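Summary of structural features
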Amino acid sequence: MKIKKLLFVTKFEDLCFDTLSSLLNLRKADLEHVVFLNVIERDKVAMHRGGDGFLKEETVKLKEIANIRFIDWAENLFEMGMEVGAYMEVGTLVPQILNAVEQEKPDLIVIGHSHKSVLKQLYSGSDITELIRRSPIPILVFKHMEKNNIVPEEPFKNPLFATNWSSTSMKAAKYLKTLKNVVGKIDIMHVTSEKKLKSSSTHDVQKIRKQERKKLDGLCDDFEEYDIDARAHVYIGDPVKEIEKAAHEYKASMIVMGSSKKSELAERWMGSITKTIADKSIFPCLLIPYTKNKDKKI
Amino acid sequence: MNKKVLIVDDDDDVRTFLLTVLEENNYTPLIAHDGIEGKDMIEKHKPDLVILDVLMPRGSGIQLFRKLKTDDSLKKIPVIMFTGISLKSFLRSQKVLDEFQNGKVPKPDIYLEKPVEPEELIEAIQKKIG
């Protein structure tokens with residue numbers, strides 16, 4: 001699978017042209033088409049709270065604000081010989097994204113992290129969680145390395161690939177291999193649970209580490225066959241903390257993970273590693289979705 | 001018989017404006033909402049003139065314009081580009097694409113930057129198809 005077309009979802013306050021520029025390196029991996037999507041949340045233009053009517057003037061104003069930004073961005077991309085499309089829709093974010101995915105068939109969705117409050121997320125789920133669960137294609141949750149607000153210059157240059165050996169993780173590996181022209185070096189990690197190491201024998205503990213390391217080395221070899229430099233790392237402990245730690249230690253440009261197959265309710269109340277990292281990490285996160293039937297074949 | 005003018009634009013308000021102006025001036029308007037529908041309508045109806053937006057879903061006006069102008073059966077249909085994208089940017093994009101695709105595509109017959117007054121639009125249309 002190549003990234004020929006990406007869907008760039010923006011509210012303008014989160015993702016702007018600097019973000020988009022940082023992704024243009026993907027042209028080396030076949031990117032040729034960018035589709036912009038701006039969703040004006042229904043609440044902003046509803047006549048009455050919860051009502052069906054729209055304030056026409058407010059809608060026109062917000063659409064034109066988006067249009068002016070998109071025209072400016074599009075001119076830049078057109079001048080590079082790229083193809084550009086745009087949607088400005090009133091509605092609810094995730095369904096509108098899925099509609100654009102259906103219409104445009106992009107290979108990647110790029111979106112900023114969720115702006116919903118913690119309480120709202122708990123009851124209705126975050127946009128990102130919902131999107132991860134429903135999207136048929138990979139999602140890049142973009143971050144500005146929050147504290148200094150700097151956009152990573154080349155997000156795909158040094159990804160940290162966190163694998164749990166699931167079918168979705170293997171799908172993520174496959175996806176990364178297609179990006180060999182943009183990826184400089186991959187750090188591949190697996191986090192072993194502390195529970196697994198509960199043994200009175202040092203030998204047994206070392207054996208587990210060795211097994212994990214061997215699997216990771218095998219995966220590195222696979223990447224090297226695609227001319228991608230890869231390094232293996234075994235971590236022990238809480239996956240969320242350890243993945244974030246590894247991303248810092250190896251100066252990752254993004255974190256790559258396969259998403260889990262937990263149910264909506266389980267994910268909302270118990271959380272998942274993917275969701276937590278996508279929401280909380282300061283690093284951009286590339287999430288490869290779990291798709292029921294297809295993933296079984298891998 | 002009235003001449004057929006195809007409007008390819010994703011914006012409701014723009015389509016309504018064009019539709020009204022065309023009908024008031026005895027043209028038969030046809031409507032397409034995006035690049036793909038635009039191409040299908042051109043092939044199906046062979047309009048006398050196309051008014052083409054650039055930034056749209058499902059295929060930009062730039063690609064559709066190039067398809068039109070490189071198709072022997074369609075290239076004689078005059079095109080009025082009607083867009084918010086500046087002419088300068090449009091021409092730069094054409095230059096890059098000419099190099100990529102190894103073939104020069106002619107300039108659009110008329111390039112109008114949005115918004116325009118109805119008189120300006122009608123004058124442009126009349127200039128091309130009477």
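Bear in mind the structure is a predicted one, so any value in this text is a computation, not a measurement. (Residues numbered from 1 in each chain as written. Chains lettered and ligands numbered in written order. Predicted model: local features only at pLDDT ≥ 70, side-chain atom pairs only at ≥ 80, totals over all residues. Heavy atoms only, no water.)

**Looking at the overall build of chain A**
The condition is simple: Each helix is a run of H or I in the DSSP string that is no shorter than four residues. Each strand is a run of E no shorter than two, and both are numbered from the N terminus. Each residue gets one of three labels from its accessible area relative to the maximum for its type: buried under 20%, exposed over 50%, partly exposed in between, using a 1.4 Å probe on protein chains only. By the convention used here, residues are in contact when the closest approach between their heavy atoms is within 4.5 Å. A 1.4 Å probe and the Shrake-Rupley method give the accessible areas. Residues count as covered only by the protein chains that appear here.
Within chain A, the regular secondary structure consists of twelve helices and ten strands. Here chain A, with 298 residues, has 53% of them falling under the buried criterion. Partitioning the contacts of chain A with sequence separation of at least 6, the portion at a separation of at least 24 is 77%. Approximately 14700 Å² of chain A is accessible, and the part contributed by carbon and sulfur atoms is 52%.

**So, the layout of surface pockets**
Which entries qualify depends on this criterion: Cavities and pockets are found on a 1 Å grid laid over the protein atoms alone: a cavity is a set of points where a 1.4 Å probe fits but cannot escape, a pocket is an open set with protein on both sides within 12 Å along at least five of seven lines, and a lining residue has an atom within 4 Å of such a point. Grid points are joined across faces, edges and corners, and a volume is the space filled by probe spheres set on the points. Each residue receives one of three labels: charged for Asp, Glu, Lys and Arg, nonpolar for Ala, Val, Leu, Ile, Met, Phe, Trp, Tyr, Cys and Pro, and polar for the others, Gly being one of them.
Space inside the largest pocket adds up to approximately 910 Å³. Surrounding the largest pocket, 34 residues form its lining, E64 of chain A together with D10, D11, D12 and V14 of chain B being those nearest its centre. Within the residue set of the lining of the largest pocket, elements represented by two or more residues are α3 (56-79), β3 (83-91) and α4 (93-104) of chain A together with α1 (12-24) and β4 (79-83) of chain B. It is α3 of chain A that contributes the most residues to the lining of the largest pocket, eight residues altogether. For the lining of the largest pocket, the class distribution of residues is 14 nonpolar, seven polar and 13 charged.

**Overview of the sheet that holds strand β5 (residues 110-113) of chain B**
All names here are of chain B. We count it as follows: Strands qualify as paired when DSSP identifies two bridges or more between them. Axis lines are fitted through C-alpha atoms, for helices just across the contact stretch, and the angle between N-to-C directions can take any value from 0 to 180 degrees.
On the basis of which strands lie adjacent, the open sheet formed by five strands has the order β2-β1-β3-β4-β5 and parallel pairing. The open sheet is flanked by β2 (28-32) and β5, the only strands paired with a single partner. Adjacent strand axes in the sheet meet at a mean angle of 20 degrees, parallel and antiparallel pairs treated alike. Both strand β3 (residues 49-52) and β4 contribute to a ladder of three bridges, which runs parallel. Each residue of the ladder has a partner; that of V50, found in β4, is V79. Sitting on the sheet, helix α3 (residues 61-69) is in contact with β1 (4-8), β3 and β4, with an inclination near 175 degrees to β4.

**Digging into the state of the cysteines**
For clarity, the cut-off: By definition, disulfides here are pairs of cysteine sulfur atoms that lie within 2.5 Å.
Enumeration according to the criterion identifies zero disulfides over all chains in this entry. Between C16 of chain A, a free cysteine, and C285 of chain A, which holds the nearest cysteine sulfur, the sulfur-to-sulfur gap is 19 Å.

**A short note on the packing of aromatic side chains**
Residue and element names in this part refer to chain A. Condition: In this scheme Phe, Tyr and Trp rings, the latter by its six-membered ring, pair at centre separations within 6.5 Å, and the angle between planes marks the pair as stacked below 30 degrees, edge-to-face above 60, and tilted otherwise.
Scanning the entire structure with this criterion turns up eleven aromatic pairs over all chains. On the basis of an interplanar angle of 75 degrees and a centroid distance of 6.4 Å, the ring pair of F8 and F36 is categorised as edge-to-face. Here the residue F8 occupies a position in strand β1 (residues 5-9), and F36 occupies one in strand β2 (residues 33-41), the gap between them amounting to 28 residues. Comparing F8 with F36, the two get one shared label, buried.

**Considerations on the environment of L286 of chain A**
Residues and elements named next belong to chain A. Along the chain, L286 falls in strand β10 (residues 285-288). Overall, the relative accessible area of 0% leaves L286 in the buried class. Considered as a pair, L286 and S272 are 14 residues apart in the sequence and their alpha carbons are 15 Å apart. If sequence neighbours within four positions are ignored, L286 has contacts with L108, P138, I139, L140, F156, Y175, M254, I255, V256 and M257.

**Examining the pairing of strand β6 (residues 159-162) of chain A**
All names here are of chain A. Test applied: With the strands aimed away from the viewer, a crossover counts as right-handed if its path from the first strand over the helix to the second runs clockwise.
Because side chains alternate across β6, one face comprises the buried residues P159 and F161, and the other comprises L160 and A162, equally buried. Pairing geometry for β6 and strand β7 (residues 185-192), over three bridges, is parallel. Paired with F161 across the strands is I188, a residue of β7. Once you follow β6 into helix α7 (residues 167-177) and on to β7, the crossover reads as right-handed.

**Some details on the sheet that holds β7 of chain A**
All names here are of chain A. Across the sheet, ten strands lie side by side as β3-β2-β1-β4-β5-β10-β9-β6-β7-β8; this open sheet has mixed pairing. The sheet is open, and its two edges are formed by β3 and β8 (229-236), each paired on a single side. Adjacent strand axes in the sheet meet at a mean angle of 20 degrees when their direction is disregarded. Judged from the three bridges that link them, strand β5 (residues 139-142) and β10 form a sheet pairing that is antiparallel.

**Remarks on helix α2 (residues 35-45) of chain B**
All names here are of chain B. Under the convention used in this document: What the arc covers is the set of directions going from the helix axis to the C-beta atoms.
Burial in α2 covers these residues: G35, G38, M41 and I42. One side of α2 holds all its buried residues, which, seen down the axis, span an arc of 125 degrees. Turning to α2, the residues buried within the fold contact β1, β2, β3 and α3. Directly after α2, the chain includes K46, whose backbone phi takes a positive value near 40 degrees.

**Quick look at the confidence of the model for chain B**
This is how it is decided: Along the chain, pLDDT gives the predictor's confidence residue by residue, from 0 to 100.
Mean pLDDT for chain B: 96, with 100% of residues reaching 70 or above. Scored as a whole, the predicted complex attains pTM 0.90, and scored at its interfaces, ipTM 0.94.

**Observations regarding the packing of α3 of chain A against helix α4 (residues 87-100) of chain B**
Applicable threshold: Here the word oblique covers every angle except those under 35 degrees (roughly parallel), over 145 (roughly antiparallel) and from 65 to 115 (roughly perpendicular).
Interaxial distance between α3 of chain A and α4 of chain B falls to 7 Å at its minimum, and their mutual angle equals 25 degrees. One finds that α3 of chain A runs roughly parallel with respect to α4 of chain B. Residue-level inspection shows E75, F78 and E79 of chain A of α3 of chain A in contact with α4 of chain B, the latter providing S89, R92, S93 and V96 of chain B. In the contact of α3 of chain A with α4 of chain B, the residues fall into two nonpolar, two polar and three charged.

**Quick look at the interface of chain A and chain B**
In plain terms, the rule: By convention, the term buried area covers the 1.4 Å-probe accessible surface removed from two parts as they join, with the contributions of both added. Any Lys or Arg side-chain nitrogen found within 4 Å of a carboxyl oxygen on Asp or Glu counts as a salt bridge.
The partner chain B presents 20 residues to the 18 residues of chain A that form the contact. Interface area, chain A with chain B, both sides summed: about 1500 Å², of which 57% is carbon and sulfur. Inspection of the chain A/chain B interface yields one salt bridge. Here R92 of chain B ties to E79 of chain A by a salt bridge, and the two come within 3.1 Å at their closest N and O atoms. Contributing elements (two or more residues each) for the side of chain A that touches chain B: α3, β3 and α4 of chain A. The element best represented in the side of chain A that touches chain B is α3 of chain A, accounting for eight residues. Its residues placed into classes, the side of chain A that touches chain B shows nine nonpolar, three polar and six charged.

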